[in-house]
Structure formats: C-alpha cells, structure tokens
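In case you want the letters, here they are:
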Amino acid sequence: MLELAILGFLHDTPLHGYELRKHITALTGHVRPVAESTLYPAIKRLEKAGLLVRETRPGAAAAPRQVLSLTEAGRAELHRRLEDPARQDVTDENRWFTVLAFLRHLDDAAAQSAVLRRRLAFLEEPASFFYDGERALRAEDLTDPFRRGVLTIARATSRTELEWLRTTLAQLEAR
C-alpha cells in the first residue's frame, strides 16, 4: 500500500520526500505510521523500476531538494494497480481506503465501477466477528457490551459504506 500511496500522490504533483511522507502519514499514519526507514527504500525500488525519477531543484529557503516525479511507466503502474487491486486491498478497510483515495486517477468510469463492485460484493457477504459454532452472532445476541459495541459500530459503518457505494455506482454508471 505504501507504493500505491507513493504513486498516487506523485500522480497529483511532484513532491520531495518530506512532503510525500507528510501526505502519506495524513492518509495512513493513524493506522500505519510511515518511517523514513520504510519510505526511502520504497522510493528507491520504484525509482530503480523506472516508475519515478528524482530531480534536483532549488530549495525555497535552504539547500537544493530532491523532487520526485512519476514517469509514464509509473502512471501506467498506478492505473494497473487501481484497475485490478488484490483481494486484500478490497477486503481490508485500511488498504481499501488507500485504493479509494486514488481511484479517481482511473479515467474510465467502467473501470472505477468494477473496483467499487468488488468492494460492494465483499460487504454484501454475510459476516460476523463472533460465532456460536457455525452461527454468526448479531449484536443483539451478545451480553458482552464491548463485543456488542464492535458489532454495532461495524454494522453502522458497513451500512453507511453500502449506501455510498450504491449511490456512487449509480452515478458512475449513468455517465
């Protein structure tokens, strides 16, 4: 997801490493803080793969900065990753938010819809965090207020996301 975030933010505008780290931290930092020891090796891998380039530009008030820009190959890779995200990227909420943050970079409404439909199908699958044997437990079945809270919050979040997905799909498919 880190590489996807790097490609996504650089699709918007060239950035130097510090700015890029701030952007990624704002998106995912509450879940997965971005350390320099993680970010810079990822940048190197993407640079070595020809997906981004580094250019020295004058600093605003200090020494020159190394600014990162996406190459055409980087744009193509971003589009490939967005068009066909891994199952975990659709089912894991934190990974999903990263995909969703950059889905606008796909110019094709049908491709965007296909990704949203995968998330919709996942959310429509019956699921629970807690079971009694094979039977999925509902919030109403639980006496533990904390587990009941988990299910109540998850249900409310899912309901809201399902509503958003259906509305957005209808808008995309009306184009």
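Cut-offs and rules
- Residues numbered from 1 in each chain as written.
- Predicted model: local features only at pLDDT ≥ 70, side-chain atom pairs only at ≥ 80, totals over all residues.
- Heavy atoms only, no water.
- Buried < 20%, exposed > 50% of the residue type's maximum accessible area, 1.4 Å probe, protein only.
- Helix = DSSP H or I, 4+ residues; strand = E, 2+ residues; numbered from the N terminus.
- Pairing = 2+ DSSP bridges.
- Axes fitted to C-alpha atoms, helices over the stretch in contact; angles between N-to-C directions.
- Parallel < 35°, antiparallel > 145°, perpendicular 65-115°, else oblique.
- Left-handed = near helix turned anticlockwise from the far one by under 90°.
- Contact = heavy atoms within 4.5 Å.
- Nonpolar A, V, L, I, M, F, W, Y, C, P; charged D, E, K, R; others polar.
- Salt bridge = Lys/Arg side-chain N within 4 Å of Asp/Glu carboxyl O.

Outline helix H1 (residues 2-12), supporting the account with residue identities and numerical values.
Of all eleven residues in H1, nine are buried, a share of seventy percent or more. Residues of H1 that are buried include every one of Glu 3, Leu 4, Ala 5, Ile 6, Leu 7, Gly 8, Phe 9, Leu 10 and His 11, and no others.

Lay out the sheet that holds strand E1 (residues 15-16) in plain terms, naming residues and giving numbers.
The strand order E1-E3-E2 describes an open sheet built from three strands, whose pairing is antiparallel. Strands with a single pairing partner mark the edges of an open sheet, and in this sheet they are E1 and strand E2 (52-57).

Provide a residue-level description of the packing of H1 against helix H3 (residues 36-48), including the pertinent values.
Axis separation between H1 and H3 bottoms out at 10 Å; the angle between their running directions is 70 degrees. Classed by the angle they form, the pair H1 and H3 counts as roughly perpendicular. Crossing geometry of H1 relative to H3 is assigned as right-handed. Here H1 contributes Leu 2, Glu 3, Ile 6 and Leu 7 to the contact with H3, which in turn contributes Thr 38, Leu 39, Ala 42, Ile 43, Arg 45 and Leu 46. In terms of residue class, the contact of H1 with H3 is made up of seven nonpolar, one polar and two charged.

Quick one: what's the story with the pattern of salt bridges, residue by residue and with numbers?
Pairing between side chains of opposite charge can happen when their charged atoms approach one another. With the rule as written, the count across this model stands at 18 salt bridges. As a salt-bridge pair, Arg 117 and Glu 173 come within 3.0 Å of each other at their nearest N and O atoms. Taken together, the residues Arg 117 in helix H7 (residues 109-124) and Glu 173 in helix H8 (residues 145-174) connect sequence positions 56 residues apart. Accessibility expressed as a relative area gives 40% for Arg 117, which makes it partly exposed. The partly exposed category is assigned to Glu 173, whose relative accessible area is 44%.

Which residues make up the environment of Leu 169, and what values go with them?
Within the secondary structure layout, Leu 169 lies in helix H8. In the structure, Leu 169 is positioned 60 residues away from Ala 109 in sequence and 9.1 Å away in space, judged by C-alpha atoms. If we ignore the near neighbours within four places in the chain, the residues touching Leu 169 are Ser 113, Leu 116, Arg 117 and Leu 120.

I'd love a proper account of the packing of H7 against H8, names of residues and values included.
Each pair of packed helices can be summarised by the angle the axes make with each other and by the distance between the axes. Following both chains from N to C, one finds H7 and H8 inclined at 155 degrees, their axes separated by 10 Å at the closest point. Here H8 runs roughly antiparallel to H7, going by the angle between their axes. Handedness of the H7/H8 crossing: left-handed. Across the interface between the two elements, Ala 109, Gln 112, Ser 113, Leu 116, Arg 117, Arg 119, Leu 120, Leu 123 and Glu 124 of H7 pack against Ser 158, Glu 161, Leu 162, Trp 164, Leu 165, Arg 166, Thr 168, Leu 169, Leu 172 and Glu 173 of H8. Each residue belonging to the contact of H7 with H8 can be placed in one class, and the counts come to nine nonpolar, four polar and six charged.

Describe the pairing of strand E3 (residues 65-70), with residues and values.
As paired elements, E1 and E3 share two bridges and run antiparallel to each other. Within E3, the residue paired with Leu 15 across the bridge is Leu 68. Bridging between E2 and E3 involves six bridges; their strand directions are antiparallel. Across the sheet, Glu 55 pairs through a bridge with Val 67, a residue of E3.

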